[in-house]
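The primary structure of each chain is shown beneath.
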There are 2 protein chains.
Amino acid sequence: MPPGWENSAPFRVDCETAMSGSFSEYKGRSVLITGGLGFIGSNLARRLVEVGDVDVTIVDALLPGQGGNPHNIHDVRDRVTVHTANMGNDWVINHLVGGVDYIFNLAGSVSHLDSMVDPHLDMELNCAAQLKLLEACRNFNPHAKIVYTSTRQVYGEPVYLPVDEQHRIAPLDINGIHKRAAEQYHLLYHRIYGTRVVCLRLTNTYGPRQLLHHNRQGFIAWFIRQAMDGGVIELFGEGKQKRDLVYVDDVVNALLLAGASASTEGEIYNLGGAEPVSLADLANELIRLTGRGTIESKPFPLERRLIDIGNFYASSQKIETELGWRAQTSLTQGLSQTVEFYSKNREYYWNPHASTLP
Amino acid sequence: MPPGWENSAPFRVDCETAMSGSFSEYKGRSVLITGGLGFIGSNLARRLVEVGDVDVTIVDALLPGQGGNPHNIHDVRDRVTVHTANMGNDWVINHLVGGVDYIFNLAGSVSHLDSMVDPHLDMELNCAAQLKLLEACRNFNPHAKIVYTSTRQVYGEPVYLPVDEQHRIAPLDINGIHKRAAEQYHLLYHRIYGTRVVCLRLTNTYGPRQLLHHNRQGFIAWFIRQAMDGGVIELFGEGKQKRDLVYVDDVVNALLLAGASASTEGEIYNLGGAEPVSLADLANELIRLTGRGTIESKPFPLERRLIDIGNFYASSQKIETELGWRAQTSLTQGLSQTVEFYSKNREYYWNPHASTLP
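Reading the values: rules and limits
Numbers given to residues run from 1 along each chain, matching the order in which its sequence is written. Numbering of ligands from 1 and lettering of chains from A proceed in the order in which they are written. Where totals are concerned, whole chains, interfaces and linings use all residues; where local detail is concerned, this predicted model gives features only for residues with pLDDT of at least 70, and gives and counts side-chain atom pairs only at 80 or more. Think of the side-chain values as coming from all heavy atoms in the structure, minus any hydrogens and water. A helix here means a DSSP run of H or I that spans at least four residues, while a strand means a run of E at least two residues long, and both kinds are numbered starting from the N terminus. Restricting the calculation to C-alpha atoms gives the radius of gyration, and the globule rule supplies 2.2 Å times the number of residues raised to the power 0.38. Burial classes follow relative accessibility: with a 1.4 Å probe on protein chains only, a residue under 20% of its type's maximum area counts as buried, one over 50% as exposed, and anything between as partly exposed. A contact between two residues is defined here by any heavy atoms of the two lying within 4.5 Å. The Shrake-Rupley method, run with a 1.4 Å probe sphere, supplies the accessible areas, and residue values consider only the shown protein chains as cover. Think of it this way: Lys and Arg go in the positive column, Asp and Glu in the negative one, and His and the chain ends go nowhere. In this description, the location of a charge corresponds to atom NZ of lysine, CZ of arginine, CG of aspartate or CD of glutamate. When two rings of Phe, Tyr or Trp (its six-membered ring) have centres within 6.5 Å they constitute a pair, described as stacked for plane angles under 30 degrees, edge-to-face for angles over 60, and tilted for the intermediate range. Criterion for a charge above a ring: Lys NZ or Arg CZ within 6 Å of the ring centre, and within 35 degrees of the ring normal. For this overlay, a least-squares fit was computed on C-alpha atoms, restricted to residues scoring pLDDT of at least 70 in both copies. Two strands make a pair as long as DSSP finds a minimum of two bridges between them. To obtain an axis, a line is fitted to C-alpha atoms, over the contacting stretch when the element is a helix, and the angle between two such axes runs from 0 to 180 degrees between their N-to-C directions. Angles below 35 degrees are treated as roughly parallel, those above 145 as roughly antiparallel, those between 65 and 115 as roughly perpendicular, and all remaining angles as oblique. Here a crossing is called left-handed whenever its near helix is offset anticlockwise from the far helix by less than a right angle, and right-handed whenever the offset is clockwise. Salt bridge, as used here: a side-chain nitrogen of Lys or Arg that lies within 4 Å of a carboxyl oxygen of Asp or Glu.

Examining the overall build of chain A
Within chain A, the secondary structure is distributed over twelve helices and 13 strands. On C-alpha atoms alone, chain A measures out to a radius of gyration of 19 Å, which is about the 21 Å that the 2.2 N^0.38 rule sets for 358 residues. C-alpha extents for chain A along the principal axes are approximately 60 × 45 × 40 Å. Expressed as a percentage of its 358 residues, the buried residues of chain A come to 59%. Contacts in chain A between residues far apart in sequence, at least 24 positions, make up 81% of those at least 6 positions apart. If you sum the accessible surface of chain A, you get close to 13,500 Å²; carbon and sulfur atoms cover 47% of it. Positive and negative charge centroids in chain A, built from 32 and 40 side chains respectively, lie 1 Å apart.

Printed below as a string of structure tokens:
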């Protein structure tokens, strides 16, 4: 920590308290969430509203095909400030970072397939925008704590399982290359300028408020939709691939814990699930829960096979040991809450542009 | 190699011939050099002109403060085609890649210090432009062989010496992060689309036609200028740091060998010097050769210390074994040729904008 800053970050969290969900360290603080109308960002914003007395600001570009959805915050709209703007615009981000205590930096593109179709756009969203944010903090708010969400995709195909933070980095697509560059930016700004950053490498997150109107942002949301629609869940290679699935509330817990702890600065943490699940098991569980949907086994399409990573599950031992985090939601519980949510809110998620900002 | 391409690349080179400088494999071929008015690019263009019957096209944006200098090719101007254009412009690059056999992809920013001052510009030059080139090749010329010049900076601080290609990647500045991303782009396009690429990781290259009008593109050129001006060569930390120095003609040899050999596709090769040299020894040798200049030892300035990597020298064993390359020019020989060149051409290198394109 740079000299003179010792007194600016007394926010160390008590893990037991944190996992029980109070997060009172955030009371009276101001929080900026980039990508805050998206899946994880909106769940985080809602949790902070529950904490109470938190000044929550959201910036989201609401780019078509990305995860931003105004409905995600419709019932807490009067308790958060929303800027529909691109954080790659430095006039915007320079203004927004001023004076905030925490920045949850979730904006970015997450689609591996989209990144191969339009690599330049992926670079703009995952590299250029991140540089703007970090430069804004360096120049206008060197005290803010930044929590950056990276991805397991930076590891590429696993050499061993479970994958820990020492695993070699070998991204297999443009998205993974750019997310890795953005991690490195964050760690570099920490090392050179003392910017207070922590990176979390997320695996497959699922839950309410995820994008479901196309299938290019991960398989879980699409499986859920197919099951609920009584459609066909396509399994490539018989669905034997094992993955971590983490319920979004558990991810939000990790974000808040990592933000509140000063000991996380300059660190990277994996977020893995409680237990790896095969895609076939996931599909069967969804069919059981919804009472609908069927499975169809297919050979891998070329464009997916080339960037597929086989089995993947991460070790969360580091964040468990250091911050007391663990995935607490069982797959059955998480999926049934998710299905229940979409049953009630189908109209806002089944099609794009179904809702606008109140 | 994608099916059907087997007959398109019969350009495997005979190493003995190559190291002796004939490179007849390039005769009758067309070559595009990005950044071709710069230091290494112009030396490469001149060599190809010497080979004879090579259709040499240069694209260079001549960006202020970068290495492009029209004087570098003034005496071969009528034997090369020059486009003063930014390869980040896809209208330009889509047009230029059409039909060429080889692309020596040298464009980019090389200053570690500049990259920290303007990270966004470094991203445009080292990431965005590279994506445009690779997309252009994918769409309009999937047969071209691309030789990309990366940098030892991707390794960061060495964990062991000499650094081989298996050394862990940990760039310490924005430039290193972006050069690594660009390497990964090239290897990804090879893997996914069959683009014919090879990456060379250069260490410290020196010789005629380097930028000498500011000191932000590496220490060697600046040391040479200071010695020739009878000025002060500043050594940080007593100049004990050891580095590889590779004379530009040897680098050009490596580029041509790597371009001509089909076995290099998808590979990365280090280019190290014959023997590591301490900065103090380099300074003393320059003072001896020029009969001028003095040494002053100084503590490291903060902005340099934070991105300095200590001792660094690379193992070239892979390219020596596989392609028969080795650094052939001794330091004394290379430096004396360099000093002689600048003595005769001082007016074109001591100040920016000293020459324009004929």
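Here we look at the packing of aromatic side chains
If you walk through the whole model with that rule in mind, you get 26 aromatic pairs over all chains. Here the aromatic rings of Y102 of chain A and F104 of chain A are separated by 6.5 Å at their centres, their planes lie at 20°, and the arrangement is stacked. Classification of Y102 of chain A as buried rests on a relative accessible area of 0%. Overall, the relative accessible area of 0% leaves F104 of chain A in the buried class. Within the aromatic cluster, the residues linked to one another by ring pairs are F23, Y26, Y102 and F104 of chain A. It is K318 of chain A that lies over the ring of Y269 of chain A; its NZ or CZ is 4.8 Å from the centre. A cation sits over an aromatic face here: R346 of chain B above W350 of chain B, 4.6 Å from the ring centre.

What about the relation of the copies chain A and chain B?
Overlay of chain A on chain B (RMSD 0.0 Å): rotation 180°, translation along the axis 0.0 Å. Here the two chains are linked by the operation of a two-fold rotation axis. When C-alpha distances to the rotation axis are compared across chain A, the minimum falls at A181 of chain A, with a value of 3.4 Å. Both copies share a contact surface, since 100% of the interface residues of chain A are interface residues in chain B too.

Points about the sheet that holds strand β3 (residues 81-84) of chain A
All names here are of chain A. Across the sheet, which stays open at both edges, the seven strands sit in the order β3-β2-β1-β4-β5-β6-β11 with parallel pairing between neighbours. Whereas interior strands pair on both sides, the edge strands pair on one side only; in this sheet they are β3 and β11 (267-271). Each strand of the sheet is rotated relative to its neighbour by a mean of 20°, with strand direction disregarded. When strand β1 (residues 30-34) meets strand β4 (residues 102-105), the two strands line up parallel, connected through four bridges. Residue I33 lies in a different strand from β4, and its bridge partner there is F104. With respect to the sheet, helix α8 (residues 248-260) is in contact with β4, β5 (145-151), β6 (196-202) and β11, its orientation differing from that of β5 by roughly 140°.

Examining the packing of helix α9 (residues 279-290) of chain A against helix α12 (residues 331-349) of chain A
All names here are of chain A. Relative orientation of the contacting elements α9 and α12 amounts to 50°, with a least axis distance of 10 Å. Judged by the inter-axis angle, α9 sits oblique to α12. The handedness of the crossing between α9 and α12 is right-handed. For the pair α9 and α12, the contacting residues are L282, E285, L286, R288, L289 and T290 in the first and L331, T332, L335, S336 and V339 in the second.

Describing the sheet that holds strand β2 (residues 55-60) of chain B
Residues and elements named next belong to chain B. With respect to topology, seven strands assemble into an open sheet ordered β3-β2-β1-β4-β5-β6-β11, the strand pairing being parallel. Since the sheet does not close on itself, it has two edges, and those belong to β3 (81-84) and β11 (267-271), each with one partner. Averaged over neighbouring strand pairs, the angle between their axes works out to 20° when direction is ignored. When strand β6 (residues 196-202) meets β11, the two strands line up parallel, connected through five bridges. Counted as the bridge partner of C199 is I268 from β11. Along the sheet, helix α8 (residues 248-260) makes contact with β4 (102-105), β5 (145-151), β6 and β11, crossing β5 at roughly 140°.

A closer look at the pattern of salt bridges
Scanning all chains against the criterion turns up 28 salt bridges over all chains. Here K298 of chain A and E234 of chain A are joined by a salt bridge, their closest N and O atoms 3.1 Å apart. With K298 of chain A in strand β13 (residues 294-298) and E234 of chain A in strand β8 (residues 232-236), the pair connects residues that are 64 residues apart, well separated along the chain. K298 of chain A gets classed as partly exposed once you look at its relative accessible area, which sits at 30%. Where R138 of chain B meets E135 of chain B, a salt bridge forms, and the shortest distance between an N and an O atom there is 3.1 Å. Note that R138 of chain B and E135 of chain B are positioned in helix α5 (residues 119-140) at a spacing of three residues, about one turn of the helix. Because the salt bridges share partners, they merge into one network encompassing R180, E183 and R201 of chain A.

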